[in-house]
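What follows is the residue order along each chain.
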Amino acid sequence: MARCGCGGTCNCTVQGSGAFVISGTGDQNDPYVGSINTNPASPLPISSTPSGLTVAGVQVQSSNCITLTGNGSTASPLAAAPRLDPTGLLSCGVNGLKVELPASTSYPNAGRLINVSGTYQISVKYPLVAYTTVTASAAAVNLASATTQNLSTMSATLTNPSSTEIMYVLPILQSHSFEWTMVNVNAWYLQTAGGTNMIAAFTSTGAGEYFGMGSINFYTGSVISVAAGASTTLSVTQQLRVRTTSGSGSNAASFGAARMILMGWIV
Amino acid sequence: MKYRTIYARTTVNGEVQPPYVQEILDNGSTDYTGSTLPTVDQNGDSVSIEYISKRTYDEFWNKENKIIEKYAEEAEKNQKEVEKLNEKLKASVVKKLVSGEKLTEEEAKFVAGSLDL
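Right, let's walk through the structure included here. (Residues numbered from 1 in each chain as written. Chains lettered and ligands numbered in written order. Predicted model: local features only at pLDDT ≥ 70, side-chain atom pairs only at ≥ 80, totals over all residues. Heavy atoms only, no water.)

**Looking at the overall build of chain B**
On a plain count of helices and strands, chain B comes out with two helices and five strands. The N-to-C order of helical and strand elements in chain B reads β-β-β-β-β-α-α. Put simply, chain B has 117 residues, and 28% of those count as buried. Long-range pairs, those at least 24 residues apart, make up 38% of the contacts in chain B between residues at least 6 apart in sequence. (Helix = DSSP H or I, 4+ residues; strand = E, 2+ residues; numbered from the N terminus. Buried < 20%, exposed > 50% of the residue type's maximum accessible area, 1.4 Å probe, protein only. Contact = heavy atoms within 4.5 Å.)

**Remarks on the packing of aromatic side chains**
Residues and elements named next belong to chain A. In total, this model carries 11 aromatic pairs over all chains according to the counting rule given. With a centroid separation of 3.9 Å and 15° between ring planes, the pair formed by Phe-178 and Trp-180 is classed as stacked. Here the aromatic cluster, defined as three or more aromatic residues joined through ring pairs, consists of Phe-178, Trp-180, Trp-188, Phe-202, Phe-211 and Phe-255. Here the guanidinium or amino end of Arg-241 rests over the ring plane of Tyr-189, the centre of that ring lying 4.1 Å away. (Phe/Tyr/Trp six-rings, centres within 6.5 Å; stacked < 30°, edge-to-face > 60°. Lys NZ or Arg CZ within 6 Å of the ring centre and 35° of its normal.)

**Structural notes on a nonpolar patch on the surface**
Residues and elements named next belong to chain A. A cluster of nonpolar side chains, contributed by Phe-20, Ile-36, Leu-44, Ile-46, Leu-53, Val-55, Val-58, Val-60, Ile-66, Leu-68 and Leu-78, occupies part of the molecular surface with about 860 Å² of accessible area. Of all the elements in the fold, those that place two or more residues in the nonpolar patch are β4 (52-55) and β5 (66-69). Within the element layout of this structure, Leu-44 appears in the loop between β2 (33-36) and β3 (46-49). Residue class for Leu-44 comes out partly exposed when judged on its relative accessible area of 37%. (Patch = residues over 30% accessible without salt bridge, like charges linked within 9 Å, V, L, I, M, F, W, Y side chains within 5 Å. Areas by Shrake-Rupley, 256 points an atom, 1.4 Å probe, with all protein chains shown as cover. Salt bridge = Lys/Arg side-chain N within 4 Å of Asp/Glu carboxyl O.)

**So, the side chain of Thr-232 of chain A**
Here Thr-232 of chain A shows up in strand β20 (residues 231-242). Of note is the side chain of Thr-232 of chain A, whose polar atom sits 2.8 Å from the side chain of Gln-42 of chain B. In this structure, Thr-232 of chain A is in contact with Ala-156, Thr-157, Leu-158, Val-169, Ile-224 and Val-226 of chain A together with Gln-42 of chain B, ignoring residues within four places of it in sequence. (Polar contact = N/O pair within 3.5 Å; in protein donor to acceptor, adjacent residues only side chain to side chain.)

**Here's the deal with helix α1 (residues 54-99) of chain B**
The terminal C-alpha atoms of α1 of chain B lie 66 Å apart, and with 46 residues this matches the ideal 68 Å at 1.5 Å per residue to within 8%. Those residues of α1 of chain B that sit buried are Tyr-57, Trp-61, Glu-64, Ala-75, Gln-79, Val-82, Asn-86, Leu-89, Val-93 and Lys-96 of chain B. On its buried face, α1 of chain B is in contact with β14 (178-183) and β21 (252-255) of chain A together with β1 (3-12), β3 (20-25), β5 (46-52) and α2 (105-114) of chain B. After α1 of chain B finishes, the residue Gly-100 of chain B shows a positive phi value of roughly 80°. (Expected span 1.5 Å × (residues − 1).)

Take a look at the structure:
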């Protein structure tokens, strides 16, 4: 016990500082007592114990995405770990969070709708899922008859192989190529059934004229939408319309093949 | 992708059309034998497709090509005759025009046609 060697009343001056406070008068009945004041408003509680000052450990609270552990001490430092769900796609690497893609074969519709190339590369594909080409020769036509005669009819049905997505079909129609020899005044037309599409029209005025034309795309477009699992059928008839019988017997016509191409995409 | 060649012919509104060749992207699940039930196509026509053998396809076109060949031969023969007649008319027209003679109706038509009148 601190003593000043004084009698009933001590004249020593003892003064605390900061959190260290001195109480008592130094009298035998009221000795000086040193103690540590602790601030109840401190974020980390500190207490004075016989073994020394004690600072309470840090409280931790985890969130949905981060798990916090430890109390900030050397023995139990604070540590944060990401919470991954599902594990495997996202992981914590030495340089930070990283996406780890599973092999492309584990994707639904892999290679058809989703393409995975290399690491971290995903692209969406617009696959051609249905395709057909129809090739038609032209039937014999009687050029001495002023009528409309069918050269060919091409038909094709495309079925949407997907059970969930819409397929879009792009039709490309190509005409018969032809060589025509028309005698005297005459007029011939290459057309689709009912004259919906006029592909070619030629009129001869002299003693004899020759016309020739290669196969042309006379119709491209009007994309057809086909529901999942459904089918669409397209048929095209090409015709020769002879307006008069002028030059009968001397007229000649030869035709090349016509084509119809149907392509079905899922986009 | 696996492609396959099939042969077919279409019946449009009850009328059977000439056969054709079709190349398809074969998904292995479509049956290309027999005939399809009539369906309404994009034009609103009733269409059924009959899948046929290559032999049936060839038989049709062998027969059809003979007819086409025959028509072409006849046309070529007739065309030569027309050319011969035109040459003859040309000669007589020139002769008559030079001498001031009156043209026949056939000769006048030839002149009109040649001049695109």
